[in-house]
Amino acid sequence: MASSNSKSTNQTARQIFKILLINARIKVSWVKALAGNTGNERADQLAKDATQHGQPYSLTKLPKPHIKGLLRKSMLEEWQTSWKNGDAGRQIYNIISSVSLRPANWIRDDVIFSQHGPFPAYLKRFFLSDSDYCSCGEIGTALHYATECIFTVSWHVRKLVPNFEQEWRKIVTNNLVSRNKIRRIGKFISENRYFFRPP
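These numbers were taken from a predicted model, which means no experiment stands behind them. (Residues numbered from 1 in each chain as written. Predicted model: local features only at pLDDT ≥ 70, side-chain atom pairs only at ≥ 80, totals over all residues. Heavy atoms only, no water.)

### Description of a nonpolar patch on the surface
A grouping of Ile19, Ile26 and Val28 is seen on the molecular surface, where their side chains present a nonpolar patch of about 250 Å² in accessible area. Mapped onto the elements, Val28 comes out in the loop between helix H1 (11-22) and helix H2 (38-53). Note on Val28: relative accessible area 45%, which makes it partly exposed. (Patch = residues over 30% accessible without salt bridge, like charges linked within 9 Å, V, L, I, M, F, W, Y side chains within 5 Å. Areas by Shrake-Rupley, 256 points an atom, 1.4 Å probe, with all protein chains shown as cover. Salt bridge = Lys/Arg side-chain N within 4 Å of Asp/Glu carboxyl O. Helix = DSSP H or I, 4+ residues; strand = E, 2+ residues; numbered from the N terminus. Buried < 20%, exposed > 50% of the residue type's maximum accessible area, 1.4 Å probe, protein only.)

Here is the structure:
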């Protein structure tokens, strides 16, 4: 309890400590909540009144770690709302739906697998290619190269079950062996782009 600590630098705790020193008859002890203790219930009521009608929050001195925690929580909530309701990054959102201050350890090649890469389907979408077909004759998406293209068969990962693409992406991106295969596919395509142009 801060008020019984003589080394506390908190102004309120210091005032309470001085009062306790002057009045030796006052004893401070822990009281179980909601136990019917009149003094404890009165203290609870005063605390509730202070939060509703007391000093404005901006004038209250709070410890820096507490303020940092409140700001971090508020920032994460705002970021999560923006991430959930945004238009951009929906492929990655379907894999990582929660924001975090911890790094996701994704490298460029992992992001490429979320569709942003040298894939004909992606390039055509942004008018950087005339066709969205791979030179093997199929639509050139990231999934095509990861699961069925004859030119990337050395690095294929197990095919997805139909209608479960998002769950499959989560499994693949959370598995280090699969991620390494995906990285090799991205590197191979980047180094041999001419080979993957449509016929």
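### Thoughts on the side chain of Thr152
With respect to the helices, strands and loops of the structure, Thr152 is situated in the loop between helix H7 (142-147) and helix H8 (165-173). For Thr152, a relative accessible area of 1% translates into the label buried.

### Observations concerning the nonpolar core
Judged by nonpolar contacts, the single largest core of 14 residues is most densely connected at Tyr145, Ala146, Trp168 and Ile185. Mapped onto this core, the elements with two or more residues apiece are H7, H8 and helix H9 (176-191). When residues in this core are grouped by element, the largest group, 4 residues, is from H7. (Core = buried A, V, L, I, M, F, W, Y, C linked by side-chain atoms within 4.5 Å.)

### Some details on the packing of aromatic side chains
All told, the structure shown has 3 aromatic pairs when counted by the stated rule. With a centroid separation of 5.7 Å and 25° between ring planes, the pair formed by Phe119 and Tyr145 is classed as stacked. Here Phe119 is found in the loop between helix H5 (108-113) and helix H6 (120-125), whereas its partner Tyr145 is found in helix H7, with 26 residues between them in sequence. For the pair Phe119 and Tyr145, a shared accessibility class is recorded, and that class is buried. (Phe/Tyr/Trp six-rings, centres within 6.5 Å; stacked < 30°, edge-to-face > 60°.)

### Comments concerning unusual backbone geometry
Note: most residues except glycine have negative phi, and most peptide bonds are trans. For Phe127, which is not glycine, the phi torsion reads 60° and is therefore positive. Structurally, the position occupied by Phe127 is in the loop between H6 and H7.

### Some words on the layout of surface pockets
Counted as a void, the largest pocket has a volume near 320 Å³. Class assignment of the residues belonging to the lining of the largest pocket gives a composition of 9 nonpolar, 4 polar and 2 charged. If you add up the space inside the second largest pocket, you get close to 230 Å³. Looking at the lining of the second largest pocket, the elements that each hand over two or more residues are H8 and H9. (1 Å grid on protein atoms, 1.4 Å probe; cavity = no way out; pocket = protein on both sides within 12 Å on 5 of 7 lines; lining within 4 Å. Points joined across faces, edges and corners; volume = space filled by probe spheres on them. Nonpolar A, V, L, I, M, F, W, Y, C, P; charged D, E, K, R; others polar.)

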